[in-house]
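# Descriptive structure summary
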Amino acid sequence: MATVIVEKGAAARPPSPLSALLLGKRAERMVLGAAFLVALFALWELVAALGLEPPIVLPSPAAVAVALGSVFSSPDLVANFVASGQELLYGLVLAVAVGVIAGMAIGWYPRLGYFFDPFVNFLYAVPRVALGPLLIVWLGIGLSSKVALVFLTAVFPVLVNTSSGIRSLDSHLVRVARCFGANDLKIFRTIALPGSVPFILGGLRLAVGQALIGVFVAELLGAQHGLGAMIQNAGEQFQTDLVFAGLLIFAAVGMLLTSLVRWLERRFDAWRV
Amino acid sequence: MPARLMNAPAQSSDEGERTSLISGDGSRYLHARKVTIAYAGRDGGVVQAIEGIDLSVERGEFVCVVGPSGCGKTTFLNAVAGFLPISSGALTLRGRPIQRPGPERAMVFQQPGLLPWRDVLGNVTFGLEMSGRMRGRKAAERARSLLELVGLADFAHSYPHQLSGGMQQRVNLARALAVEPELLLLDEPFASVDAQTRETLQIELLAICERAKVTALFVTHDIGEAVFLADRVCVFSRRPGRIVREVRIHLPKPRAQARLESEFLAYVREVAGALGGAANGRE
């Protein structure tokens, strides 16, 4: 019976006519992925055009496009982007630096792991954006509290992934290296470090998404400028089209950064089967 | 606590044994005398892996160790490699007790153990880098000549996952030979490659050992393999492993056609007989 199922499974995967028509799997994936988005936009436009909901609840895509244009032509544009960009960049760079170094130390020295693991797990379990009010009390309402919040949201995926990458090093490779007389430093440099690169990049990809959440929440808690603050203000004034425009910008930045990390992952993963 | 005591290297405390070794058997290259290895088992008891192993290996000799699985032959090899302390007896290389891995010994494991992110050339230089003997262009040069030796010159820039199991094992061998070991320790290196590749690799290994003048200690459970390769076959009993028989193999080298000789079969029968006896616990 089992073999029949296997055979069926194998036979059920002929090249689909669509993929044969459109130059292979990749094209098929992109077409199908785009199709859903196009359908969603069409439905959105339809609902908006029929006037089932007032624009204040659901602005039409066209109105959102206009709002998007107004964001890019507004005098606050530079200030908003600079503010959010700074928070994101500083927080993310700090998170990667601390996450990678601390993750390596915790992964490499088991005792350090025993020492810090409960603390890390505790912080990992707390919804880190909930630390926002505390950070404002400690660091004030300026840039530093926002960077700190972005850092806290982004550091844990990097740290946890890095340490598990270091920990998962192949014990057989270590034995081979020891056999040749390698010391710990050499084993770290030639086995643990290159072996954990895919883990670190995976953590970075998660961190980007978390950092964007951090930026948004930090600006919700009080900010003059920034995309999050812009969305917050627009929402308070029922400029729903502007809210949508802000969301689209957030999404675009997130997708751009994520695909950047994915590109890096592919580059460093060439040796994987 | 008892396990810890058992694992303490015994040679250094055993001065009398040591002097007798240097005066009496100093000429022997690798020498094991009454070597016993025991370690703490999972249930808290003591597992006796090997017991009273007496074995001498001359420089340039090819010695195979065969025995039923779990008989402690790999344990013995690990002790020679310096991974595992012996519990009692003496284990010496050129008259000096073995206490840790050393640059004059190289081990070839059953798993190739190649770094997946390095190409073939980078994997062959790995041992040289780890031992701190050579790096950079010089190491690459040495690696290239070894790839030539194992017939992989055209694959220097392939990655391990692009190679067959047999080719990976050749890389493994080249990596071990790159450090120019005196003593090559092989732990069933050809057990997971197909039969045809295995025979080719065996012929090549013999030729390479001859040319590089290395001493080899080769652990296997394949009797034919042992007879084909060895100058001497040591048959281990079931655990705790003891040497129940030593068979000197007088087949002429090169041995590419040796399997067809009637003498070959006679040796195989002799070793199999000893092994059978050992497995049944009669010897």
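Predicted, not measured: the structure shown is a model, and the values here were computed from it. (Residues numbered from 1 in each chain as written. Chains lettered and ligands numbered in written order. Predicted model: local features only at pLDDT ≥ 70, side-chain atom pairs only at ≥ 80, totals over all residues.)

### Focus: the nonpolar core
Counting residues in each nonpolar core, the largest one holds 121 residues, and the members touching the most others are B:Val233 and B:Val271. The greatest single-element share of this core, amounting to 14 residues, is contributed by helix H10 (residues 184-220) of chain A. If we ignore the near neighbours within four places in the chain, the residues touching B:Val271 are B:Val66, B:Ile223, B:Ala226, B:Val227, B:Val233, B:Val235 and B:Val247. Grouped together as the second largest cluster of nonpolar side chains are 13 residues, A:Val71, A:Ala223, A:Leu227 and A:Ile231 included. (Core = buried A, V, L, I, M, F, W, Y, C linked by C-beta atoms within 7 Å. Buried ≥ 20, exposed ≤ 12 C-beta atoms within 10 Å, placed from the backbone. Helix = DSSP H or I, 4+ residues; strand = E, 2+ residues; numbered from the N terminus. Contact = placed C-beta atoms within 7 Å.)

### Some words on the sheet that holds strand S5 (residues 96-97) of chain B
All names here are of chain B. Here 4 strands make up an open sheet; going across it, the order is S2-S1-S4-S5 and the pairing antiparallel. Bordering the open sheet on either side are strand S2 (46-57) and S5, each of which pairs with just one other strand. Examined bridge by bridge, strand S4 (residues 88-93) and S5 share 2 bridges and lie antiparallel to one another. Bridge pairing in S5 links Thr92 to Pro97. (Pairing = 2+ DSSP bridges.)

### Remarks on the domain arrangement of chain B
Residues and elements named next belong to chain B. Along its sequence, chain B is carved into domain 1 (2-104 + 181-280) and domain 2 (114-180). For the side of domain 1 that touches domain 2, the element with the highest residue contribution is helix H7 (residues 195-212), accounting for 5 residues. Each residue belonging to the side of domain 1 that touches domain 2 can be placed in one class, and the counts come to 9 nonpolar, 2 polar and 1 charged. (Domains from an automatic or database assignment. Nonpolar A, V, L, I, M, F, W, Y, C, P; charged D, E, K, R; others polar.)

### Some remarks on the sheet that holds strand S7 (residues 183-187) of chain B
All names here are of chain B. Spatially, the 6 strands line up as an open sheet ordered S6-S7-S8-S3-S9-S10, and their pairing is mixed. In this open sheet, the two edge strands, each paired with only one partner strand, are strand S6 (105-108) and strand S10 (243-248). Going across the sheet, the axis of each strand differs from the next one's by a mean of 15 degrees, ignoring polarity. The pairing of strand S3 (residues 62-66) with strand S9 (residues 232-236) spans 4 bridges and is classified as parallel. Its bridge partner lying in S9, Val65 is registered against Cys234. (Axes fitted to C-alpha atoms, helices over the stretch in contact; angles between N-to-C directions.)

### Observations regarding the domain arrangement of chain A
Segmenting chain A into domains produces domain 1 (1-52) and domain 2 (67-268). The distance between the C-alpha centroids of domain 1 of chain A and domain 2 of chain A comes to 33 Å.

### Some details on unusual backbone geometry
Apart from glycine, the bulk of residues carry a negative phi angle, and the bulk of peptide bonds sit in the trans form. All names here are of chain B. Of note, the amide linkage connecting Arg239 to Pro240 takes the cis form, showing an omega dihedral of -5 degrees. Positive phi outside glycine occurs at Lys34, with the angle close to 50 degrees. For Lys34, the location among the structural elements is in strand S1 (residues 30-40). Judged by C-beta crowding, with 15 C-beta atoms within 10 Å, Lys34 ranks as partly exposed. With a phi close to 50 degrees, Glu180 is a non-glycine residue in the positive phi region. In this fold, Glu180 is placed in the loop between helix H6 (165-178) and S7. Its 15 C-beta neighbours within 10 Å are what place Glu180 among the partly exposed residues.

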